[in-house]
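# Residue-level structural notes
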Amino acid sequence: MEKGQATTGTETGDRPEFPEFDPLVPDHIRDPWPILARARREQPVFWIPSLGMHCVTKYSDIKAILADSETFSNAGANVMRVPVPDDIEIPPGCPFPSVGDGLANQDGDDHFRLRRLMQPAFGRRRVASYADQIRGIADELIDEFEPNGSADLVVEFANELAMQTIAVVLGFKREDSHEFRAWTNQFLYLLSSPGMDQEEARRLWVGLIEWYKHIEALVQSRRETPADDLISDLMAAEPPEGVKPLTDSEIIANVIAFIVAGTDTTAILITQTVRRLHEEGLWQALREDRDGIEAVIEESLRLTGVVRGLNRVVTKDTELSGVRIPAGSVIYWMGSSANRDEEKFENPAKFDLQRKNTHEHVAFSGGRHFCIGAPLARLESKIGLNALLDRLPNLRVTEPEVEFHPSFITPTPKRLLIEWGA
Ligand code: HEM
């Protein structure tokens, strides 16, 4: 049998494999695109034994998944895989260990209610009101490293901009963002590392509860005295008749979701856009003509693969690209592969600023779970890039090969070294 052809079928569904691709192998994290192009041609839906999931790679299949949240559900797609140790008490009102209150873990009417109440806080006009604060953060970060002549863009700029921005938008103090990294990691480990030893589990749960208490204190204080921030907006959201207002526990669960979903993602986009502009020799041209900046960000979203893939739970027997997928299966849909599908995007690997259908990419997903933070991510990337273009006119990337922290969802670049002397 040829490589990449279907290898197995079972009574409960087909499990063709495509062993050439493993989303956690470093070479495949760095450059999965040629292998995924082969998968789309030869075996567009395949079983990944190490993840226990069906991987879906084609644009047309992924659009079908995103349009049908009844068959491909988010409810239960994420659970805390490390149980709470017996001697740890969960405070009343704390959403954990359930993550069910988070937008990304619901479907149907429950999800619709949350989205409806939260959407205005993320609308384009409201988000634009944070622009000056975001530019202020970007300028202060650049002030710190500009005299050095060189910097690590990931650590000194992109990560900090993303974390400090989400902190001030939500209503935290900027310096609180310094703990977001550790807390986010704790949350992700508890979500995805079953079999962790008890001591480690205890340490991480204690940390997560501390995070909860910190957010709870802020939520309490906004209940007493509202401010000009997103948490206050969520509290002020007026439900239509018959719809329950947001509870504190729901707000807390989603504040955590915003921090987890909105920091690494935006930092990756900024980092990879700078790298691509350097590679394409477009830094100076964009510096002189900023009108193209939105097209740059959109084409970069299409090509970067910020979110490589995400999960859905299949609720009834179904079929994708001829592969039978039984109810109860978990799929791993790779929007990053769909965005390079040659049946959708002509010459897909090309960074093409004249492309007519760039905006049809699925980097922010689609359908009901379309990224609620997309306007903020776009604004923040634009402000971050503009600040770099204004302040570091001769920016060059000095080590273009990027290494990543491994993840099959959002692999993050470890560093990107830049310099800007004449
Ligand atoms: C470049 C930056 C970003 C990218 C590429 C990105 C990508 C995504 C994707 C692919 C999803 C879809 C999940 C699904 O279909 O299951 C999503 C959902 C989500 N994103 Fe983003 N995101 C970014 C930035 C942000 C920011 C800045 C925030 C928050 C402040 C945010 C908050 C969320 C939330 C809460 C959801 C869940 C929405 C729902 O399920 O209804 N994201 N994002």
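Attention now moves to the site of the ligand. Taken together, 25 residues form the shell around the ligand, and within it G262, S365, H369, C371 and G373 come nearest. Mapped onto the shell around the ligand, the elements with two or more residues apiece are α11 (248-262), α12 (264-279) and α16 (374-391). Among the elements that take part in the shell around the ligand, α11 stands out by supplying four residues, more than any other.

This part takes up the sheet that holds strand β3 (residues 45-48). In spatial order, the strands read β3-β4-β10-β7-β5; together these five strands make up an open sheet with mixed pairing. What marks the edges here is a single partner per strand, and that holds for β3 and β5 (72-73). As defined by bridge partners, β3 adjoins strand β4 (residues 53-56) across four bridges and the pair is classed as antiparallel. Residue pairing for β4: V45 is matched across the bridge by V56. Contacts from helix α3 (residues 59-67) reach β3, β4, β5, β7 (310-314) and β10 (330-333), with the element oriented near 120° to β4.

Next up on the list: the packing of helix α8 (residues 180-192) against helix α9 (residues 198-224). The N-to-C vectors of α8 and α9 enclose an angle of 125°; their axes lie 9 Å apart at closest approach. Put simply, α8 runs oblique to α9. The chirality of how α8 crosses α9 is left-handed. For the pair α8 and α9, contact is made by W183, Q186, F187, Y189 and L190 and by L204, W205, G207, L208 and W211, respectively.

With that settled, consider the nonpolar core. With 104 residues, the main nonpolar core has V56, L170, V255 and I256 as its most contacted residues. Among the elements that make up this core, the one with the highest residue count is helix α7 (residues 153-170) (eleven residues). For V255, the residues in contact, after removing those within four places along its chain, are L170, I215 and I231.

Attention now goes to the pairing of β10. Bridge count for β4 against β10 is three bridges, and the pairing is parallel. Considered in β10, the bridge of H54 is made with I331. Relative to β10, β7 runs antiparallel, the two being bridged by four bridges. Its bridge partner lying in β10, L310 is registered against W333.

Definitions and limits used
- Residues numbered from 1 in each chain as written.
- Predicted model: local features only at pLDDT ≥ 70, side-chain atom pairs only at ≥ 80, totals over all residues.
- Near = placed C-beta within 6 Å.
- Helix = DSSP H or I, 4+ residues; strand = E, 2+ residues; numbered from the N terminus.
- Pairing = 2+ DSSP bridges.
- Contact = placed C-beta atoms within 7 Å.
- Axes fitted to C-alpha atoms, helices over the stretch in contact; angles between N-to-C directions.
- Parallel < 35°, antiparallel > 145°, perpendicular 65-115°, else oblique.
- Left-handed = near helix turned anticlockwise from the far one by under 90°.
- Core = buried A, V, L, I, M, F, W, Y, C linked by C-beta atoms within 7 Å.
- Buried ≥ 20, exposed ≤ 12 C-beta atoms within 10 Å, placed from the backbone.

Note that every value here comes from positions in space, so none of it alone points to a role or purpose.
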